[in-house]
Amino acid sequence: MSEKTPKTMGQQFGRRSWAEPWKIKMVEPIHMISREQREQAMVEAGFNTFLLRSDDVYIDLLTDSGTSAMSDRQWAGMMLGDEAYAGSRNFYHLVEAIQTYYGYKHIVPTHQGRGAEHLISQAVIKKGQYVPGNMYFTTTRLHQELAGGTFVDVIVDAAHDPTSLRKFKGNIDLDKLGALIERVGADQIAYVSLAGTVNMAGGQPVSMENARQLRELCDKHGILIYLDATRMVENCFFIQEREEGYAHVPIAAILKEFCGYTDGAWMSAKKDNLVNIGGWLAVNQEEVFDAARNMVVIYEGLHTYGGMAGRDMEALAIGITESVDDDHVRTRVNQVRYLGGLLTSWNVPIVQPVGGHAVFLDAKRMYPHLTQDQFPAQTLAAELYIDSGVRSMERGNVSAGRDPNTGNNRYPALELTRLTIPRRVYTQAHMDVVAESVKTVYDNRANASGLKMVYEPKYLRFFQARFERL
Ligand code: PLI
């Protein structure tokens, strides 16, 4: 093969190619508006990709949340919705699916992940308590703070280093956790907030060994562990691939074992679980269940629908079953790695190793001439959209927000722009188009001038903040 012959995906990874375990039955047209229109749209959106109209977007990599394509079986399930106010049969299907694959006892349905975060935070955290976790997530930490808790980052140091090639950069540093327990006392720890994979670190996984050791440490001190299971299936793929003894264990069995080390989980079903809306909370403790089930009727809906229609719960129950299929997870993560592989081969700085749901561009290394106050990751997302209509999002200074006690900006070590891949939606050709646009923006990096924030909402500012070009 000559050097000019393009390599197939399989050749790049040193084996025969694999392909997605599905074929496309229905398509949704997309189109690219002109560069002039994109410039105009970006100005009108205040240089915030969340404020763009999706009609103005060509390839939408804003998020993998609620953007998956459902299967024919899920759509068939939508027709089987039992829309009774109470006791819908679809709720019982959902409970059965969660119990089967995640293994928890009690289930409370919610409209999406943050609804479940609200319930668990209010049910468990006492004012003044600490919530240690493996890196913050925006909505998770906010709900913990609103319940009177203080989040403490106890992730391994490597997670904050985009160049570190460690296999499990999502792991909890048990020494950091041990030191916190010693300093504040086990009674002052509401629970350990464990996420797999870790979104803000680049979709990095937690090892089974780490979960096992965490359980031991927490048992010694009587501390509960709650899991953010949003992308736990993808985490299990990395365990299967990288951790000794798991190469031949199915994803479904890895998931069940991992969840078994925790006391419950909250879930944004809009990611792993392959639906466009939905969430759940699952716990083993009766008293936490009672509290959450009572609160859900105030904030979400009755405890047998929690904000979802019956048909949504049916699609979700089917989505859970499909989500643990080994071929599905492998092709999903490998599509993300295909994009990451192209960018790496062109020397574009990205978070390594490539994680489960997205390729994270390292805006700090891309724009070394911009300070964090000039919002390099926000700038990069805007430049990428203007170049090609590809929508990405900021995961840096803007997302980190302000410390609620001091009001000061938090400056995270990572200043990233996320290219998030929806599940079962885009093809390899779309990935090529995205990679080529990122390369163009990278080649023009010296011309980027940064942004200033001109409107800042109080909570979760990244969703609605507005910027102007410097
Ligand atoms: O968007 P929700 O409310 O369904 O879920 C909140 C949520 C909780 N945990 C984690 C790890 C998330 O990634 C998450 C939502 N993530 C979004 C919207 C994202 O774009 O990453």
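Model, not experiment: these values are computed from the prediction.

Each value, and the rule that gives it
Residues numbered from 1 in each chain as written. Predicted model: local features only at pLDDT ≥ 70, side-chain atom pairs only at ≥ 80, totals over all residues. Heavy atoms only, no water. Helix = DSSP H or I, 4+ residues; strand = E, 2+ residues; numbered from the N terminus. Rg over C-alpha atoms; globule rule 2.2 N^0.38 Å. Buried < 20%, exposed > 50% of the residue type's maximum accessible area, 1.4 Å probe, protein only. Contact = heavy atoms within 4.5 Å. Areas by Shrake-Rupley, 256 points an atom, 1.4 Å probe, with all protein chains shown as cover. Core = buried A, V, L, I, M, F, W, Y, C linked by side-chain atoms within 4.5 Å. Polar contact = N/O pair within 3.5 Å; in protein donor to acceptor, adjacent residues only side chain to side chain. Pairing = 2+ DSSP bridges. Right-handed = clockwise from strand over helix to strand, strands pointing away. Axes fitted to C-alpha atoms, helices over the stretch in contact; angles between N-to-C directions. Parallel < 35°, antiparallel > 145°, perpendicular 65-115°, else oblique. Nonpolar A, V, L, I, M, F, W, Y, C, P; charged D, E, K, R; others polar.

Secondary structure summary: the chain contains 17 helices and 14 strands in total. Over its C-alpha trace the chain gives a radius of gyration of 22 Å, about what one expects of a compact globule, namely 23 Å for 470 residues. Overall, the chain is about 60 × 50 × 45 Å in size when its C-alpha atoms are taken along their principal axes. Going through the 470 residues of the chain one by one, you find that 59% of them count as buried. In the chain, once contacts between residues fewer than 6 apart in sequence are set aside, the share between residues at least 24 apart is 72%. Carbon and sulfur atoms provide 50% of the accessible area of the chain, an area that totals close to 19,500 Å².

One finds Y102, L214, L227, F258 and W280 to be the most contacted residues of the largest nonpolar core, which totals 62 residues. For this core, the element with the highest residue contribution is helix α9 (residues 232-242), accounting for six residues. If you look at the next biggest cluster of nonpolar residues, it comprises 31 residues, including I59, I350, L361 and A435.

Turning our attention to the environment of Y455. Along the chain, Y455 turns up in strand β13 (residues 451-455). Apart from the residues within four sequence positions on either side, Y455 is in contact with Q464, A465 and R466.

Let us look at the side chain of T230. As for its position among the elements, T230 is in the loop between β6 (225-228) and α9. Residue classification places T230 among the buried positions, given a relative accessible area of 8%. For T230, the side chain forms a polar contact with the side chain of D228, separated by 2.5 Å. Not counting chain neighbours up to four residues away, the residues in contact with T230 comprise W266, M267, S268, K271 and D272.

Take the pairing of strand β4 (residues 150-153) next. The sheet contact formed by strand β3 (residues 130-133) and β4 spans four bridges and is parallel. The partner of P132 across the bridge, within β4, is V152. Viewed along the sheet, the connection from β3 through helix α6 (residues 138-146) into β4 turns out right-handed.

A few words now on the packing of α9 against helix α13 (residues 326-345). Between α9 and α13, whose axes approach to 10 Å, the crossing angle comes to 90°. By the angle between their axes, α9 is roughly perpendicular relative to α13. Within the contact between the two elements, α9 uses V233, E234, F237, F238, Q240, E241 and R242 and α13 uses D326, V329, R330, R332, V333 and R337. Of the residues assigned to the contact of α9 with α13, the class counts are five nonpolar, one polar and seven charged.

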